[in-house]
Amino acid sequence: LLRVLSVAPGSIGAEVGLVPGTELFSVSGHPLEDFLDWEFHTADDAFVVRARLPSGEDVEYDIERVEGMPLGVALEPPRIRRCANHCDFCFVDGNPAGMRSALYIRDDDYRLSFRYGNFATLTNLKPWDEARIVEYRLSPLYVSVHATDPVVRRWLLRNPEAPAIVPQLRRFADLGIQFHTQVVLVPGANDGAQLEQTLADLYGLDAAVLSVSVVPVALTEFSKRDLVRAPSGAECRAALETVDRWAARAVTGRGHPWCFGADDLYLQAGVPLPPAVWYGDFEQRENGVGAVRFLQTRIAAAAGRYGDWAGKHIAVATGAAMAPLMPQVMATLAEETRARLEVLELANTVFGTSVTTAGLLPGSAFLEALRDRQDVDLALLPAEAVNDDLRFVDDMDAHELAAAVPMEIRLSTDFADVLAQQGVAA
Ligand code: SF4
């Protein structure tokens, strides 16, 4: 069931009479399963919406898109596709007991992969899903490959039913779908010769695989440490050597590195990060690949323009993917601004812990983290966490959040965009 969460004032949705709580049934005769159907079928210039208002009245709207006027309809968050795997390194198992139920959700959702760049394994696709990926051209998708050897991959995913990934990707590739891929490096399982084979197989898929990142497995104190361990510095260095070899080959053959080590892999290997230019368009930045260089570049570009924030306590709220990398960029920022900076790592209370990108953090997570922080003067929130109407994924309005917390809040892409504005400091 697809339901309207909110309707922006002055939008087409508001003009025709859509209101929060309206159930949406079909667009131009196409039944609606989820937000993808809605977005795909309402992209036309004219369409007919069949719906039921909260009063129980069935309605039909003939809608013509007026140029420059947004549809303005936000939908209730989708029911997340559950994961069919049981990886030993799963984030969800890394949660202590007694937290909110959403934090135990294992998501594996190709729709969120397309829409938000979440990694999915594609192990839970039904033929209907595969057809949709092609029909709606859900490309690029972000895919957790881990290993291309089917036996190793099934072992890593703890899923004996997982389909062989290379033929699966090739089928999609033949139909025009591309991928950003990742390998979560689990020592003794998919490193060494397995990593070599995986990169060779992905390289062999040619232009269909746009990039591959190698990310060291992240464990918490609650992870199944008897079954999986973090890689040692030497194992990270060995993995980086393999990554570098494939990157050098790709630079020669394709003109760009294609294969990247995550920032964390360099940190754990004790190897300096490549320069910013190595990362091109920073396409896996949200996955912690090139994130440090990206932010350092942006922070440095604003040098000399920072306000004086001496004596101010500034909180930087972000997701679990970016938080461990923040100390590397905070030092320069602290020097430039003279502020006291604190990183707040927030868990995703709507989609679950495995969704670690800052852009999907709900307003309620920020509210919870900030509402009792009388000691903080300013909180920087990731700008990508709100839509054009300044609403978070849980429909909380950014102004509503600002009114409910004791400090000033600002939306920021790279910190410099807020802190380098002279005169902002109180
Ligand atoms: S790590 Fe991801 S793919 Fe593995 S079990 Fe957890 S949610 Fe599923």
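Our subject in this report is the structure included herewith. (Residues numbered from 1 in each chain as written. Predicted model: local features only at pLDDT ≥ 70, side-chain atom pairs only at ≥ 80, totals over all residues. Heavy atoms only, no water.)

**Comments concerning helix H5 (residues 150-157)**
Here is step 1: Those residues of H5 that fall on the buried side of the exposure criterion are Val152, Arg153, Leu156 and Leu157. Projection of H5 onto a plane perpendicular to its axis shows the buried side chains occupying an angular sector of 125°, all on one side.
Here is step 2: Looking at the buried residues of H5, the elements they touch are strand S7 (141-144), helix H6 (165-174) and helix H7 (192-203).
Here is step 3: The backbone nitrogen of Val151 has a side-chain oxygen 2.8 Å away, supplied by the residue at the start of H5, namely Asp149.
Here is step 4: Immediately beyond the C-terminal end of H5, within one or two residues, lies Arg158, with a positive phi of roughly 50°. (Buried < 20%, exposed > 50% of the residue type's maximum accessible area, 1.4 Å probe, protein only. Helix = DSSP H or I, 4+ residues; strand = E, 2+ residues; numbered from the N terminus. Arc of directions from axis to C-beta. Contact = heavy atoms within 4.5 Å. Polar contact = N/O pair within 3.5 Å; in protein donor to acceptor, adjacent residues only side chain to side chain.)

**Thoughts on the environment of Arg158**
Here is step 1: Inspection of the secondary structure assignment puts Arg158 in the loop between H5 and H6.
Here is step 2: Along the primary structure Arg158 and Leu411 are separated by 253 residues, whereas in three dimensions their C-alpha atoms are 40 Å apart.
Here is step 3: Not counting residues within four places of it along the chain, the set of residues in contact with Arg158 comprises His86, Cys87 and Asp88.

**Here's the deal with the pattern of salt bridges**
Here is step 1: For the coordinates displayed, the defined rule picks out 19 salt bridges.
Here is step 2: Note that Arg298 and Asp414 form a salt bridge whose closest N and O atoms lie 2.7 Å from each other. Pair noted here: Arg298 is in helix H10 (residues 291-301) and Asp414 is in the loop between strand S14 (408-412) and helix H14 (416-419), with a separation of 116 residues, a long-range link.
Here is step 3: Overall, the relative accessible area of 3% leaves Asp414 in the buried class.
Here is step 4: Here the residues in one salt-bridge network are Asp34, Asp37, Asp109, Arg111 and Arg132, joined through shared partners. (Salt bridge = Lys/Arg side-chain N within 4 Å of Asp/Glu carboxyl O.)

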